[in-house]
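One-letter residues, chain by chain:
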Amino acid sequence: MATNSWLKRIQNAKKTAIIQDGKRKVHFLMEDGKEMVEEYHMDTNVLVRRAWKEKGNFVKNTDWVVEVGDPELKQNNIETYGIQESSSAPFITRRITKTALEWRIRNLPYPISVYSVTAEDDGTITIRTSNKKYFKKIKVPDLERINLIPEQDRITYTHQYNTLIITYKKPPALLDLEKKILNEILPLKATKEGEVQCPTS
C-alpha cells in the first residue's frame, strides 16, 4: 500500500536530530541518496518546515527545495540568473497545522468573489479567477504519498490582506501516517545546538 512505501522510506532512512531555536530538526538520508530535513515545533510536534535536496552529482551547492515553510531567500538571484522575480508577483507558501494543510498565495488583490478553488481528478487543487488574472494547479505531496486525491468538501478558502488562504482538512489516513512518522522520530536522541554529536557506528 502507498502509505507503507513512504513510511518505509522514513524507517529505512539514516536519521539524525538536533534541537535548535525551539525546534526539533531531523535530517533524513534516504536510501536513494536524497536528503530531507524536517523541522518540528518542540511544544506541539507540528511540522513547520520540510526541504529536499537531490542526490548531488558532484555539483556543489545543490539548492534545497522547500516543500513546507517559507521559501529559501535567493539574495544572489541577479548575479546567478541575471533576473529577479518581481516582488509583486503572486507566490505560494505552505503551512501545516495539526488538522489541516494550508497554502497562502500572496499578492492576489482581487475580491474573494472572483476565486474558485477546486479538487481535480489529476490530484491537484486548482485555483482560477473569473477575471482570468490568475490560474494555478497545486500538487499535494502529502496526499500523493498515501495515494489519495483531494476531496472538494475538505477545501475552504478565505481572502485577506491581498492573500488567498486555502485550507485542506486532513483525511484520517494522513493523520494516521503523521502519527506513525512521529513515532519514528520522537525517540531519536537529539543533540542540542552546540553539543558535539558522536558519530553512530
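All of these numbers come straight from a predicted model, not from anything done at the bench.

1. What about the overall build of the protein?
And then number 1: Helices and strands together make up the secondary structure of the protein, namely 4 helices and 13 strands.
And then number 2: Within the protein, buried positions represent 36% of all 201 residues.
And then number 3: As displayed, the protein offers around 12600 Å² of accessible surface, 52% of which is attributable to carbon and sulfur atoms.

2. Some points on the pairing of strand 2 (residues 23-29)
And then number 1: When strand 1 (residues 14-20) meets strand 2, the two strands line up antiparallel, connected through 7 bridges. Its bridge partner being in strand 2, K15 is matched across the sheet by F28.
And then number 2: The turn linking strand 1 back onto strand 2 is made up of 2 residues, and D21 within it adopts a positive phi angle of 55°.
And then number 3: Where strand 2 folds back on strand 3 (residues 35-41), the antiparallel hairpin that results is connected by 5 residues, among which G33 adopts a positive phi of roughly 95°.

3. Details of the layout of surface pockets
And then number 1: If you add up the space inside the second largest pocket, you get close to 300 Å³.
And then number 2: As for the second largest pocket, its lining consists of 19 residues, and the residues nearest its centre are N45, K170, E178, K179 and L182.
And then number 3: Elements supplying a minimum of two residues to the lining of the second largest pocket: strand 4 (47-53) and helix 4 (172-185).
And then number 4: With 7 residues, helix 4 is the single largest residue contributor to the lining of the second largest pocket.
And then number 5: A class-by-class count of the residues in the lining of the second largest pocket yields 10 nonpolar, 2 polar and 7 charged.

4. Examining helix 4
And then number 1: Taking 1.5 Å as the rise per residue, helix 4 with 14 residues should run 20 Å; its terminal C-alpha atoms sit 20 Å apart, in good agreement.
And then number 2: The complete set of buried residues in helix 4 reads L174, L177, I181, L182 and I185. For helix 4, the angular spread of the buried residues around the axis is 140°, confining them to a single face. Residues of helix 4 that are exposed and point over 90 degrees away from its buried face: P172, K179 and N183.

5. Some words on the sheet that holds strand 8 (residues 115-119)
Where strands meet in a sheet, backbone hydrogen bonds hold them as pairs that are either parallel or antiparallel.
And then number 1: What the 3 strands build is an open sheet, ordered 8-9-10; its pairing is antiparallel. Lying at the two open borders of the sheet, with one neighbouring strand each, are strand 8 and strand 10 (135-139). Each strand axis lies, on average, 15° off the axis of its neighbour in the sheet, ignoring direction.

6. What about the nonpolar core?
And then number 1: Core analysis: the largest hydrophobic core is formed by 39 residues, its most contacted members being I127 and I166.
And then number 2: The greatest single-element share of this core, amounting to 5 residues, is contributed by helix 4.
And then number 3: Those residues in contact with I166, other than ones at most four positions away along the chain, are L101, E102, W103, I105, V117, I127, I138, I155, T156 and Y157.

7. Here we look at the pattern of salt bridges
And then number 1: The final tally for this structure, using the stated rule, is 16 salt bridges.
And then number 2: Two residues, E38 and R50, come together in a salt bridge whose shortest N-O distance is 2.8 Å. Of this pair, E38 sits in strand 3 while R50 is found in strand 4, placing the two residues 12 residues apart along the sequence.
And then number 3: E67 is the partner of R94 in a salt bridge, and the nearest nitrogen-oxygen pair spans 3.9 Å. A residue pair is termed long-range when its members are at least 10 positions apart, and R94 in strand 6 (residues 91-96) and E67 in strand 5 (residues 65-68) qualify at 27 residues.
And then number 4: We classify R94 as buried; its relative accessible area is 6%.
And then number 5: Here E67 falls in the buried class, since its relative accessible area comes to 14%.

8. Digging into the sheet that holds strand 7 (residues 100-106)
And then number 1: Strand order in the open sheet formed by 4 strands is 6-7-12-11, and the pairing between neighbours is antiparallel. Lying at the two open borders of the sheet, with one neighbouring strand each, are strand 6 and strand 11 (155-160). Each strand axis lies, on average, 20° off the axis of its neighbour in the sheet, ignoring direction.
And then number 2: Of the strand pairs in this sheet, strand 11 and strand 12 (residues 163-169) are connected by 6 bridges, and their pairing is antiparallel. Looking across to strand 12, one finds that T158 is bridged to I165.

What counts, and where the lines are drawn
Residues numbered from 1 in each chain as written. Predicted model: local features only at pLDDT ≥ 70, side-chain atom pairs only at ≥ 80, totals over all residues. Heavy atoms only, no water. Helix = DSSP H or I, 4+ residues; strand = E, 2+ residues; numbered from the N terminus. Buried < 20%, exposed > 50% of the residue type's maximum accessible area, 1.4 Å probe, protein only. Areas by Shrake-Rupley, 256 points an atom, 1.4 Å probe, with all protein chains shown as cover. Pairing = 2+ DSSP bridges. 1 Å grid on protein atoms, 1.4 Å probe; cavity = no way out; pocket = protein on both sides within 12 Å on 5 of 7 lines; lining within 4 Å. Points joined across faces, edges and corners; volume = space filled by probe spheres on them. Nonpolar A, V, L, I, M, F, W, Y, C, P; charged D, E, K, R; others polar. Expected span 1.5 Å × (residues − 1). Arc of directions from axis to C-beta. Axes fitted to C-alpha atoms, helices over the stretch in contact; angles between N-to-C directions. Core = buried A, V, L, I, M, F, W, Y, C linked by side-chain atoms within 4.5 Å. Contact = heavy atoms within 4.5 Å. Salt bridge = Lys/Arg side-chain N within 4 Å of Asp/Glu carboxyl O.

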